[in-house]
Amino acid sequence: MKLEQKEKSLLFSETIIPDIFFSEYLSSLPGDYLKIYLYVIFLSKYGKDIKLNDLSKKLNIPIKTINDGMKYLEENSLLLKKTTGYIIVDLQESTLHNLYTPNLTMSKEKVEQTAKNKSRAKAIDHINNMYFQGIMGPSWYNDIDLWFSKYEFDEQVMIALFDYCYNKSAMHRNYVQTVAEAWASNKVKTWNDLDQYYEKQESLNKFKKTISKKLGKYNGLTQYEEAYIENWVLNFGYDMNIIEIALKRTTLKQNPTFEYINNVITDWHDRNLKTPEEVQAFLEQRKKQEKSVKDLKTKVNKSNYEQRNYDNLDFLYANQTNKED
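I will try to describe carefully the structure that is included in this document. Keep in mind it's a predicted model, so treat the numbers as computed, not measured.

1. A short note on the overall build of the chain
Part 1: Secondary structure summary: the chain contains 15 helices and 2 strands in total.
Part 2: Evaluated residue by residue, the chain yields a buried proportion of 27% over its 325 residues.
Part 3: When contacts within the chain are restricted to residue pairs at least 6 apart in sequence, those whose partners lie at least 24 apart make up 58%.
Part 4: Accessible surface for the chain amounts to roughly 23,300 Å². Of this, 51% is attributable to carbon and sulfur atoms.

2. Considering the pattern of salt bridges
Part 1: A full pass over the atoms with the stated rule returns 8 salt bridges.
Part 2: Between Lys 208 and Glu 226 there is a salt bridge, with the nearest N and O atoms lying 3.6 Å from each other. In this pair, Lys 208 is assigned in helix H11 (residues 191–214) and Glu 226 in helix H12 (residues 223–235), connecting sequence segments 18 residues apart.
Part 3: Residue classification places Lys 208 among the buried positions, given a relative accessible area of 10%.
Part 4: One network of salt bridges, with partners in common, ties together Lys 208, Glu 226 and Glu 230.

3. Remarks on the pairing of strand S1 (residues 79–82)
Part 1: Across 4 bridges, S1 lies against strand S2 (residues 85–88) in antiparallel orientation. Opposite Lys 81, over in S2, you have Tyr 86 as the bridge partner.
Part 2: Where S1 hands over to S2, the hairpin turn is made up of 2 residues, counted between the paired strands.

4. Structural notes on unusual backbone geometry
Part 1: In this model, Glu 152 sits at a positive phi of 60 degrees, which is unusual for a non-glycine residue.
Part 2: Judged by relative accessible area, Glu 152 falls into the partly exposed class, the value being 47%.
Part 3: Phi at Lys 187 takes a positive value of approximately 65 degrees, unusual for a residue other than glycine.
Part 4: Examined against the element boundaries, Lys 187 turns out to sit in the loop between helix H10 (173–185) and H11.

5. As for the packing of aromatic side chains
Part 1: Going through the model one piece at a time under the given rule, you end up with 18 aromatic pairs.
Part 2: With centroids separated by 6.2 Å and ring planes inclined at 40 degrees, the aromatic side chains of Trp 147 and Phe 162 adopt a geometry described as tilted. Placement of the pair is Trp 147 in helix H8 (residues 138–151) and Phe 162 in helix H9 (residues 155–167), with a sequence separation of 15 residues.
Part 3: Pairwise contacts between aromatic rings join Tyr 151, Phe 153, Tyr 164, Trp 183, Tyr 197 and Tyr 198 into one cluster.

The rules behind each value
Residues numbered from 1 in each chain as written. Predicted model: local features only at pLDDT ≥ 70, side-chain atom pairs only at ≥ 80, totals over all residues. Heavy atoms only, no water. Helix = DSSP H or I, 4+ residues; strand = E, 2+ residues; numbered from the N terminus. Buried < 20%, exposed > 50% of the residue type's maximum accessible area, 1.4 Å probe, protein only. Contact = heavy atoms within 4.5 Å. Areas by Shrake-Rupley, 256 points an atom, 1.4 Å probe, with all protein chains shown as cover. Salt bridge = Lys/Arg side-chain N within 4 Å of Asp/Glu carboxyl O. Pairing = 2+ DSSP bridges. Phe/Tyr/Trp six-rings, centres within 6.5 Å; stacked < 30°, edge-to-face > 60°.

Written out as structure tokens, the structure is:
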């Protein structure tokens, strides 16, 4: 017995997209790539051969973008490339596989630790309800668990991480991880660490605004100029009193650059000058040395001038003596 189902016309047919796509992939998918993905799913229902040139014309997207988009979809496990074409990845099946495939390398201690960590479970539940409206994608759970282990954040810091990214309207996995790595590189683990980090960042921003204003850079600083300032403040430990001395010295130069200021401040750091008084004493000493060198050059030049005049008189006197003879 053969059973058949009447094929729906285009007017009444539908293309089904699993919810996991919206929670896991949509926010990070570039606009043109999203158009490509949706149209490819639409065509796959009809067993159509996909020609990239036809896609380009149909979607009004350059052929290079089509090629880049197909590669992106493949790299992000939305499409699977075969010798004969592409397969649409079943997102529900692949997510289920990633979540429930046994982790044979996980130690007994790790399993016990994860099972009894109720405070982390509460933090994750809070993140889900507060920042994902209770529909957080399954892979986020694995990511959060990984970040807990990798960065050693406590629960308050983990919640603060998502709160920061949510307020920045940047709830993308790559962005969240970038912020997490920045906090970890600044030794943030506890809420107290994070509070001190915020204070340091706020102070650093004030430095940048003050320096930008004093140098007349009203359009803001470049990324490299900000890096210079961060080095002076965070690594050298210099405050505005010392940096101000360097900024004033730019008035002696025509078109001074940030590189010049950085060379001046770096020289002070290399000389182990730590206070404004030490810097001023060094500058006064250098000024005296430069004056001494200048005076010495003036004296030498004067001596050479007098010697030349004396030699000329001797020559003149010798010529006059020869004439008398």
